[in-house]
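# Analysis of the macromolecular model
Residue strings, one per chain:
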Amino acid sequence: MIGWILAISCIFGTILNCKKIKWCFLIWFICNIAWFILDFSTQQYGRCVLDTVQTITAIWGFIEWSKNEN
């Protein structure tokens, strides 16, 4: 069930991104941390690497989009 909630949340983040709403990165950040915990608990370490990279890019995206507002 948690996987479905995370998947739907990530889709919502993607929709916000399409609408150019920078808070999509916050949603992705939270979802990626949750995915990391879930993947780590099921020993899917390759996915953990992907989750880590996506978390970093969510932070980076939020910072970059914030710069453009000033």
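Now for a look at the structure at hand. (Residues numbered from 1 in each chain as written. Predicted model: local features only at pLDDT ≥ 70, side-chain atom pairs only at ≥ 80, totals over all residues. Heavy atoms only, no water.)

## Digging into the side chain of Lys22
- Mapped onto the elements, Lys22 comes out in the loop between α1 (2-18) and α2 (24-41).
- Accessibility expressed as a relative area gives 13% for Lys22, which makes it buried.
- One polar contact links Lys22 to Ser66, side chain to side chain, over a distance of 3.2 Å.
- Aside from chain neighbours lying at most four places away, what touches Lys22 is Phe62, Trp65, Ser66 and Glu69. (Helix = DSSP H or I, 4+ residues; strand = E, 2+ residues; numbered from the N terminus. Buried < 20%, exposed > 50% of the residue type's maximum accessible area, 1.4 Å probe, protein only. Polar contact = N/O pair within 3.5 Å; in protein donor to acceptor, adjacent residues only side chain to side chain. Contact = heavy atoms within 4.5 Å.)

## Considerations on the environment of Trp28
- With respect to the helices and strands, the residue Trp28 is situated in helix α2.
- Separated by 40 residues in sequence, Trp28 and Asn68 have C-alpha atoms that sit 20 Å apart.
- If near-sequence neighbours (up to four positions away) are discounted, Trp28 is found in contact with Cys10, Gly13, Thr14, Asn17 and Ala58.

## Focus on the pattern of salt bridges
- On inspection of all chains with the given rule, the structure shows three salt bridges.
- Taking the shortest distance from any N to any O, the salt bridge between Arg47 and Asp51 comes out at 3.1 Å. With a gap of four residues between them, Arg47 and Asp51 both fall in helix α3 (residues 45-67), about one helical turn apart.
- The class of Asp51 is buried, set by a relative accessible area of 0%.
- Among the charged side chains, a network of salt bridges with common partners joins Asp39, Arg47 and Asp51. (Salt bridge = Lys/Arg side-chain N within 4 Å of Asp/Glu carboxyl O.)

## A few points about the packing of aromatic side chains
- One pass over the full model with this rule turns up five aromatic pairs.
- Each ring, one from Trp23 and one from Phe62, has its centre 5.3 Å from the other, and the planes form 55°; the classification is tilted. Of this pair, Trp23 sits in the loop between α1 and α2 while Phe62 sits in helix α3; the two residues are 39 residues apart in sequence, bridging distant segments of the chain.
- Here Trp23 falls in the partly exposed class, since its relative accessible area comes to 46%.
- Ring centres 4.9 Å apart and planes at 85° place the aromatic pair Phe25 and Trp65 in the edge-to-face group. Note that Phe25 is positioned in helix α2 and Trp65 in helix α3, a separation of 40 residues in sequence.
- Phe25 sits in the buried class, given a relative accessible area of 8%.
- Through a chain of ring-to-ring contacts, the aromatic side chains of Phe25, Trp28 and Trp65 assemble into a single cluster.
- Taking the ring centre of Trp35 as reference, the NZ or CZ of Arg47 above it sits at 5.7 Å. (Phe/Tyr/Trp six-rings, centres within 6.5 Å; stacked < 30°, edge-to-face > 60°. Lys NZ or Arg CZ within 6 Å of the ring centre and 35° of its normal.)

Honestly, that's just the spatial picture; any functional story needs more than this.
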